[in-house]
Amino acid sequence: MEAIILVGGLGTRLRPLTHTIPKPLLPLANIPMVERMIRNLPEVFDTAILAINYGLDEMKAYFKEINIEKKVIIVPEEKPLGTGGAMRNCIDYVTGTTAVFNGDVVTSVNLKIMLEQHNKTKAKGTLALWEVYDPRRFGVVELKNGKILQFQEKPEKGTELSNLINAGTYLLEPEILEMIPPNQKISIERDIYPKVAGNGLYGFPFKGYFIDSGTPESYLEANFKCIEKDGTATHKGASIRGPSLIHKNAELQDCIIGPNAIIGSDVKMEKCVVRKSVILSHVNSYGSVIEDCIAGPNISIERDMKRTLISPEGEITF
Ligand code: GTP
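The following paragraphs examine the structure supplied in this document.

Definitions and cut-offs
Starting afresh in each chain, residues are numbered from 1 along the sequence in its written order. Predicted model: local features are reported for residues with pLDDT of at least 70 only, side-chain atom pairs are reported and counted for 80 or more only, and whole-chain, interface and lining totals are derived from all residues. With hydrogens and water stripped out, all remaining heavy atoms of the structure feed into the side-chain values. Near is defined per residue: the residue qualifies when any heavy atom it owns lies within 4 Å of the molecule or strand. Definition of a polar contact: a pair of N or O atoms within 3.5 Å, with one able to donate and the other able to accept a hydrogen when the atoms are protein atoms, and with sequence-neighbouring residues admitted only if both atoms are side-chain atoms. Values of accessible area rely on a 1.4 Å probe in the Shrake-Rupley scheme; residue burial ignores everything except the protein chains shown. Put simply, DSSP H or I for four residues or longer makes a helix, DSSP E for two residues or longer makes a strand, and each gets a number counted from the N terminus. Lys, Arg, Asp and Glu make up the charged group, whereas Ala, Val, Leu, Ile, Met, Phe, Trp, Tyr, Cys and Pro make up the nonpolar group; the residues left over, Gly among them, are polar. The classification of residues rests on relative accessible area computed with a 1.4 Å probe and restricted to protein chains. Under 20% of the type maximum is buried, over 50% is exposed, and intermediate values are partly exposed. Arc definition: it is the arc formed by the directions from the helix axis to the C-beta atoms. Every residue pair with non-hydrogen atoms within 4.5 Å of one another is taken to be in contact. Disulfide: a pair of cysteine sulfur atoms within 2.5 Å of each other. The rule for pairing is simple: two strands pair if DSSP sees at least two bridges between them. Axis angles are defined between N-to-C directions and span 0 to 180 degrees, where every axis is a line fitted to C-alpha atoms and, for a helix, only to the segment in contact. Each residue after the first adds 1.5 Å to the expected span of a helix. We call Phe, Tyr and Trp rings a pair once their centres come within 6.5 Å, taking the six-membered ring for Trp, and we label the pair stacked below 30 degrees between planes, edge-to-face above 60, and tilted otherwise.

Details of the site of the ligand
Lining the immediate surroundings of the ligand are 20 residues, of which Leu6, Leu10, Thr12, Glu77 and Gly82 lie closest. The side chain of Glu77 places a nitrogen or oxygen atom 2.5 Å from a nitrogen atom of the ligand. About the coverage of the ligand: the protein hides 81% of its 620 Å² of free accessible area. Going through the elements one at a time, strand 4 (47–52) and helix 4 (82–88) are the ones with two or more residues in the shell around the ligand. It is helix 4 that contributes the most residues to the shell around the ligand, three residues altogether. Counted by class, the shell around the ligand contains eight nonpolar, eight polar and four charged residues.

What follows is the structure, encoded as structure tokens:
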């Protein structure tokens, strides 16, 4: 079975970092998001299809270098085709029921159980659904007896059809992909799903966690989720204060690390404090206190920092 991963977005909300590294190649706990997603696919998915526009060269170079058990097919778009257009562009590589993922979501969806439901209901499409307290910023679905009957974009308070939103994980039959006009910019959420609602579209509400890691805050949150269970680092040059991950070749001396600190490869730090932050590769620092930050790659930090995203292309506070 194939899984399409949408990895072609510009990642504007994580600029300037995404000028240096395309969002799908940004690490989550030291493993690029897209690689993590492929490795987490259930065994029944033997092929990952990467639908890409922005960052094509970097993606090709990355997958040339690594060993991964699944077949990886990179399908380029000449211009960004949107979520629906990008899926349609992959149709020649699809052989049956297909999973589709937004490449930047980190979720606890159990894909095996979702697939069982999809097959049992003989759905044309099944969408993972996440419950939110306030759905006003999102696309909402009306769900009845497991069936999606309607979509509603950014509902006003009091008019919400439900609190369930699209979680960016789908199981689709080829006929849905065939409905998408080729070579056009199409949003699957806005242009296609509303047409199939009430006619073979099902929902799969799930509990646990759902993080769209597209903003600085949510990128940090997604990283911390990945180290929540087993991220207790040890390092002779650091005192560890809670869940943390330190790359094995990082050189630390007299540092205080954690809680929630991720230190990437080839980082060199002395007398630093790092909390609730992601330090990407090849960062050097002496004597800094770094809190709620995303920093790197390939930079030197000479001062204390809080709620800052700093990269070779510049910095923002958030
Ligand atoms: P922002 O610019 O920060 O909004 O990020 P983004 O460009 O990634 O957009 P968004 O988070 O809305 O995209 C959701 C998912 O769809 C991400 O995994 C994107 O990589 C992907 N995506 C969005 N537009 C396209 C597109 O035109 N082509 C492809 N292949 N993927 C896309």
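So, helix 5 (residues 111–121)
Along helix 5, the residues that are buried comprise Leu111, Met114, Leu115 and His118. Down the axis of helix 5, the sector holding all buried residues measures 100 degrees, keeping them to one side. The exposed residues of helix 5 that point more than 90 degrees off its buried face are Lys112, Glu116 and Lys120. Where the residues of helix 5 are buried, they touch strand 6 (98–102), strand 8 (125–131), strand 11 (164–172) and strand 12 (201–205).

Notes on the state of the cysteines
Defined simply, a disulfide is a covalent bond joining two cysteines at their sulfur atoms. Per the stated rule, a full pass over the model turns up zero disulfides. Left unpaired, Cys226 is separated from the closest cysteine sulfur, that of Cys293, by 19 Å. Here Cys255 stays free of any disulfide, with the sulfur of Cys272 as its closest cysteine sulfur at 4.9 Å. With a relative accessible area of 3%, Cys255 lands in the buried category.

Let's talk about the sheet that holds strand 16 (residues 251–253)
Taken together, the four strands give an open sheet; going across it, the order is 16-19-22-25, and neighbouring strands pair in parallel fashion. Every interior strand has two partners, whereas the edge strands, strand 16 and strand 25 (299–301), have only one. Sheet twist, expressed as the average angle between the axes of neighbouring strands with direction ignored, equals 10 degrees. When strand 16 meets strand 19 (residues 268–270), the two strands line up parallel, connected through three bridges. Bridging across to strand 19, Leu252 finds its partner in Met269.

Observations concerning helix 8 (residues 216–227)
Helix length check: helix 8, at 12 residues, gives a terminal C-alpha distance of 17 Å against a target of 16 Å (1.5 Å per residue), a fit within 8%. Extensive coverage of helix 8 is indicated by the burial of nine of its 12 residues. The complete set of buried residues in helix 8 reads Pro216, Ser218, Tyr219, Leu220, Ala222, Asn223, Phe224, Cys226 and Ile227.

Description of the packing of aromatic side chains
In total, this model carries five aromatic pairs according to the counting rule given. When the ring of Trp130 is compared with that of Phe206, the centres are 5.2 Å apart and the planes differ by 40 degrees; the resulting orientation is tilted. Taken together, the positions of Trp130 in strand 8 and Phe206 in the loop between strand 12 and strand 13 (210–212) put the pair 76 residues apart, joining distant regions of the chain. For the pair shown, Trp130 and Phe206 are each scored as buried. Ring geometry for Trp130 versus Phe210: centroids 6.0 Å apart, planes at 40 degrees, classification tilted. Taken together, the residues span a long stretch of sequence, with Trp130 in strand 8 and Phe210 in strand 13 at a distance of 80 residues. Grouping aromatic residues by their ring pairs yields a cluster made of Trp130, Phe206 and Phe210.

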